[in-house]
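Summary of structural features
Next come the chains, spelled out residue by residue.
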Protein chains: 2
Amino acid sequence: MEQLSERKMKILQAIVANYLETGEPVGSRTISKFTDLSLSSATIRNEMADLEESGYIEQPHTSAGRIPTDAGYRVYVDQIMKEREAETEELRQEKEGLLERVDRMELMLKQVVKVLAYNTNYATMITAPQYREVHVKFVQLSMVDDEHVLAVIVTEGNIIKNQMIEVSEPIANEDILKLSVLVNSFLQGAALRDINIEMIQTMKGQAGIYDRFLDQILEAVVGAIKEADERQIYTSGATNILKYPEIGDEEKTSVLLEAFEEKEMLNELVDETLSSEDTGIQIYIGDEAPVKNMKDLSVVTATYELQEGAKGTIGIIGPKRMDYKKVVDTLKKLTIELDEIFNNKNKSKGDET
Amino acid sequence: MEQLSERKMKILQAIVANYLETGEPVGSRTISKFTDLSLSSATIRNEMADLEESGYIEQPHTSAGRIPTDAGYRVYVDQIMKEREAETEELRQEKEGLLERVDRMELMLKQVVKVLAYNTNYATMITAPQYREVHVKFVQLSMVDDEHVLAVIVTEGNIIKNQMIEVSEPIANEDILKLSVLVNSFLQGAALRDINIEMIQTMKGQAGIYDRFLDQILEAVVGAIKEADERQIYTSGATNILKYPEIGDEEKTSVLLEAFEEKEMLNELVDETLSSEDTGIQIYIGDEAPVKNMKDLSVVTATYELQEGAKGTIGIIGPKRMDYKKVVDTLKKLTIELDEIFNNKNKSKGDET
DNA sequence: GTTAGCACTCATTATCAAAGAGTGCTAACA
DNA sequence: TGTTAGCACTCTTTGATAATGAGTGCTAAC
């Protein structure tokens, strides 16, 4: 894509801005009045023909106005991001306070997506903060009743998992204690990939008659780590998608809604976001998004960070002609606020799953 | 509604059955051929006029066939339920095995709704089994690190909740033990309403210098009970609703989908089902359902029971012209299967939230 | 380089007629 | 008295045709 003259740039911006607002193809006359360039519609028409040739805009049909192509959106969005960069510091001062502080992480995240969906009128998602690799902090065993041993596994970042283990006969308290010491000596600080056959063999050798419980305990620990590793995704406002007729075509709609319901598809999006170097706000227009069937949709993502270094992703999914300015601003404010909540005032980090 | 003659009954059944299949208003000629009554369309027309007057069917407009009213559906559905009653025993033998056995309750429920949605092509929901009143089994306290005490609360039915309590200074191990004994002596077997000011006062009196932690511990316990009490609702296939054009009208669709997303509305449905005497399968046609905006939808619910006496609800929501026979059969099979899984072969009841 | 003017294209909308489905009613029939 | 054939009538659906209007591309003049 060649460099655009300043005038062409202005016209392109005007076209996109106008299209975002109205959703209708925009014609030369509109631009002629809309901008401060004071040019006649004929001149605009010439420029528009050039812009079309360069691939920034297109006509739905011969006798219609122009709409932006993905490339056109790209130019517009890049411009916005440049403008918005300076303002981040300002926003930090503002403190609108979108969020109420709540104790349990789970409730907090649910609140975030709801607030976001309500404020933007798009579909939103957020993942719980995640560690690259989950390490065991300690394991605690105790008899619940004659047939059940409770294993509590605490991982880095104070995420807690329980697992109930059924046993055929009661185990004496001191034996539980011994087992507990043994298990912890091996598992403290271990990540999933540290638990190998060799380790298990050694443990079993030292466990004596209780070696057969070890399997179950280990299974529980592995299960717990995996569960902590499992990505929790919260969503809200998926039905907002229905509000935008340009996406309407039954198929796409239901494909996306299904994705929101089952949530698996959203994982790809999160992977992409997290793997990117840029931890700020990223915008994917149409097929740019690492998800199939996004032809008419755009995604804006942001990353937030928990104090212990766990990262989470926030995503907003809306029509390609979404209000990018507002979305970017809202996301910026929100990540700033989350930052403050997690890093300054974390009075209680609550439980999990 | 007066008693219907056998012939009118047959015609009504035929009309409803035909309408369920095609979705089109059904005319007299169709019925004349469809049934084994061998009557001319003119005769059918006369009978239909009567049925319309009695309020079982209606015409969308003068020159169209008839469609069932809610009363008409009711008659049809009652008939089905009567027929199906005898078959339950048969079904019990069949053992189709819709479900794979999985350990964690959460995964099991997710599987159930998915299987159900997949089999029926309607929107489905299930609640986790719930106790009328949650009782504490025991509380376990332990220091995680110098600033955190972990409280593990186990309730009836082996539902486990954790709560991390932040403390300003380390507490000695023996003190934790003392506190633990104290707390358990009061809270074991307690339900939410048992925890009153009097009890708290007495506990504080006996807690000595640690009385200030008691508040936090109690808060944690109450929080845990409340969380265990919170109704978990799993849903699937909400987008199936979009497949049925007769509901299409933007509003209703998005109202219902939102309900599925936020899940609050579904609580009313569950309340109604659980409060009903009849624990079998219940069918709500259109506005009969205890939920607003159900004009074009029907709900079929069933109750299942966990061994400890906790009950859960399964619901299927589809268009008023859903395939009631299939839905009822599927639900019957499923509850039988759940029954078996929970009551015979419960090898591990897993964890919660 | 800019602009006015004009012919041309194409989607949208309205109007109208024809077709078809189904009814209600009447009169004839068993 | 219940059943049926016949027919006029109603109302939706479909298709064709024409009118409208927005917007363009191109040419010629400024």
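The following paragraphs examine the structure supplied in this document.

Conventions and cut-offs
Residues numbered from 1 in each chain as written. Chains lettered and ligands numbered in written order. Predicted model: local features only at pLDDT ≥ 70, side-chain atom pairs only at ≥ 80, totals over all residues. Heavy atoms only, no water. Buried < 20%, exposed > 50% of the residue type's maximum accessible area, 1.4 Å probe, protein only. Helix = DSSP H or I, 4+ residues; strand = E, 2+ residues; numbered from the N terminus. Pairing = 2+ DSSP bridges. Axes fitted to C-alpha atoms, helices over the stretch in contact; angles between N-to-C directions. Parallel < 35°, antiparallel > 145°, perpendicular 65-115°, else oblique. Left-handed = near helix turned anticlockwise from the far one by under 90°. Contact = heavy atoms within 4.5 Å. Nonpolar A, V, L, I, M, F, W, Y, C, P; charged D, E, K, R; others polar. Arc of directions from axis to C-beta.

Below, the discussion takes up the pairing of strand S10 (residues 311-319) of chain A. Residues and elements named next belong to chain A. Summarising burial for S10: eight of the nine residues are buried, a large majority. Inspection of the sheet shows strand S3 (residues 123-127) paired to S10 by four bridges, in the antiparallel sense. Bridging across to S10, Thr124 finds its partner in Ile316.

What follows deals with the packing of helix H8 (residues 197-207) of chain B against helix H9 (residues 211-229) of chain B. Residue and element names in this part refer to chain B. Close contact between H8 and H9 brings their axes to 8 Å; oriented N to C, the two are set at 140 degrees. The orientation of H8 relative to H9 falls into the category oblique. Here H8 runs over H9; the crossing is right-handed. Here Ile200, Met203, Lys204 and Ala207 of H8 come into contact with H9, specifically with Asp211, Leu214, Asp215 and Leu218. Residues belonging to the contact of H8 with H9 are distributed by class as follows: five nonpolar, no polar and three charged.

Tracing the chain through its elements places A:Thr330 in helix H11 (residues 324-343). When residues no more than four places from it in sequence are discounted, the contact partners of A:Thr330 are A:Leu116 and A:Thr120.

Turning our eyes to something else, we now look at unusual backbone geometry. In this structure, A:Ser38 takes a positive phi of about 45 degrees despite not being glycine. Looking at the secondary structure, you find A:Ser38 in the loop between helix H2 (28-34) and helix H3 (41-54). Residues other than glycine seldom take positive phi values, yet B:Asn121 does so here, at roughly 70 degrees. Among the residues examined, B:Asn121 registers a relative accessible area of 31% and is labelled partly exposed.

Attention now moves to the pairing of strand S5 (residues 148-155) of chain A. Residues and elements named next belong to chain A. Taking burial as the measure, the eight residues of S5 include eight buried ones, the bulk of the element. Residues His148, Leu150, Val152 and Val154 point to one face of S5 and Val149, Ala151, Ile153 and Thr155 to the other, with burial holding for every one of them. Sheet topology note: the strand S4 (residues 136-145)/S5 ladder contains eight bridges and is antiparallel. Its bridge partner being in S5, Phe138 is matched across the sheet by Val154. Count of turn residues in the S4/S5 antiparallel hairpin: two residues.

Residue and element names in this part refer to chain B. For H8, every residue scored as buried is listed here: Met199, Met203 and Ala207. Within H8, the buried residues cover an arc of 70 degrees as seen down the axis, which keeps them to one side. Away from its buried face, by an angle of more than 90 degrees, H8 presents the exposed residues Ile197, Glu198, Gln201 and Gly205. Contacts from the buried residues of H8 go to helix H7 (173-187) and H9. One or two positions beyond H8, positive phi appears at Gly208, with a value near 65 degrees.

Now for the sheet that holds strand S5 (residues 148-155) of chain B. Residue and element names in this part refer to chain B. Sheet architecture is open: three strands sit in the order S4-S5-S6, paired in antiparallel fashion. Since the sheet does not close on itself, it has two edges, and those belong to strand S4 (136-145) and strand S6 (159-166), each with one partner. Direction aside, neighbouring strands of the sheet carry axes that sit 20 degrees apart on average. Relative to S6, H9 is tilted by about 145 degrees, and along the sheet it contacts S4, S5 and S6.

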